[in-house]
Amino acid sequence: MFFIGAGADEVTDDHEGYVAGRYRDGVRSDIWTDVSRCTSGTFTGYLPACECGWQGADRSATPAGYEACQRAWLDEHFGPTVAPQRRADLGAGFAATLTDADFDWGRGLNQLLASHAWAVAGGGRLLDSAATWRS
């Protein structure tokens, strides 16, 4: 899950959230594993995780557990840890309140572009409605 709202930059990029799977031997999957595409029964549970090393409690390996992990990453980690610091750094430049529209929940680039009215520009970059370049 990427933060894509106002104030997104290298600092918020260091907190890319993801849903990890817990294998039968207890090992956690990595950020590159799309647990939603793995065969049913591959994992004993899901857990919210962040590339910074934070991880939350295990949830069921179900679609509801997957969504609960996404929400837990936002509510338990990004919201209380990253958002206050970014507000202090950027003031009004950072969203006063976080909403689902401020995040790419892994819906894919086409849906992301449509939901945020971003236009694809040359060189694989995106131009947002504020006319700032994002790579």
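Within every chain, residues take consecutive numbers counted from 1 along the sequence as written. In keeping with the model being predicted, local features are shown solely for residues with a pLDDT of at least 70 and side-chain atom pairs are shown and tallied solely at 80 or more, while totals for entire chains, interfaces and linings include all residues. Only hydrogens and water are removed before side-chain values are computed, so all heavy atoms of the structure are retained for them.

Engineer: Mind showing me how you'd approach the packing of aromatic side chains here?
Structural biologist: Remark: the centre distance and the inter-plane angle together describe each pair of aromatic rings, the angle taken between the planes. Two rings from Phe, Tyr or Trp (for Trp, the six-membered ring) form a pair when their centres sit within 6.5 Å of each other. Planes less than 30 degrees apart are called stacked, planes more than 60 degrees apart edge-to-face, and all others tilted. Following the criterion strictly, the structure yields four aromatic pairs and no others. Relative to Phe43, the ring of Tyr23 has its centre 4.8 Å away and its plane inclined at 50 degrees; by these criteria the two rings are tilted. Separated by 20 residues along the polypeptide, Tyr23 in the loop between β2 (17-22) and β3 (45-50) and Phe43 in the loop between β2 and β3 bring together distant segments of the chain. What links up through ring pairs into an aromatic cluster is the set Tyr23, Phe43, Tyr46 and Tyr66. Per the convention used, a helix needs a DSSP run of H or I reaching at least four residues, while a strand needs a run of E reaching at least two, with both numbered from the N terminus.

Engineer: What should I look at first to understand the pattern of salt bridges in this one?
Structural biologist: Where charged atoms of side chains with opposite charge meet at close range, the side chains can pair. Here a salt bridge means any side-chain nitrogen of Lys or Arg lying within 4 Å of a carboxyl oxygen belonging to Asp or Glu. All chains considered together, the criterion is met by three salt bridges. Notably, a salt bridge pairs Arg37 with Asp34, separated by 3.8 Å at the nearest N-O pair. Here Glu76 makes a salt bridge to Arg59, at a shortest N to O gap of 3.3 Å. Within this pair, whereas Glu76 is found in helix α2 (residues 63-90), its partner Arg59 is found in the loop between β3 and α2, the two being separated by 17 residues in sequence. With relative accessibility at 24%, the residue Arg59 sits in the partly exposed group. Each residue is assigned to one of three classes by its accessible area relative to the maximum for its type, calculated with a 1.4 Å probe on protein chains only: buried under 20%, partly exposed between the two thresholds, exposed over 50%.

Engineer: Would you mind going over the confidence of the model for the chain with me for this structure?
Structural biologist: As a general rule, the predicted coordinates of low-pLDDT regions are not to be interpreted in detail. pLDDT gives the predictor's per-residue confidence on a scale running from 0 to 100. Here the chain averages 75 in pLDDT, while 70% of its residues score no lower than 70. Highest mean pLDDT in the chain belongs to β3 (95); lowest belongs to strand β7 (residues 133-134) (38). Residues count as neighbours in contact if any of their non-hydrogen atoms are within 4.5 Å of one another. Predicted confidence for residues 107-135 stays below pLDDT 50, and this span has 35 contacts to residues more than four positions away or in other chains.

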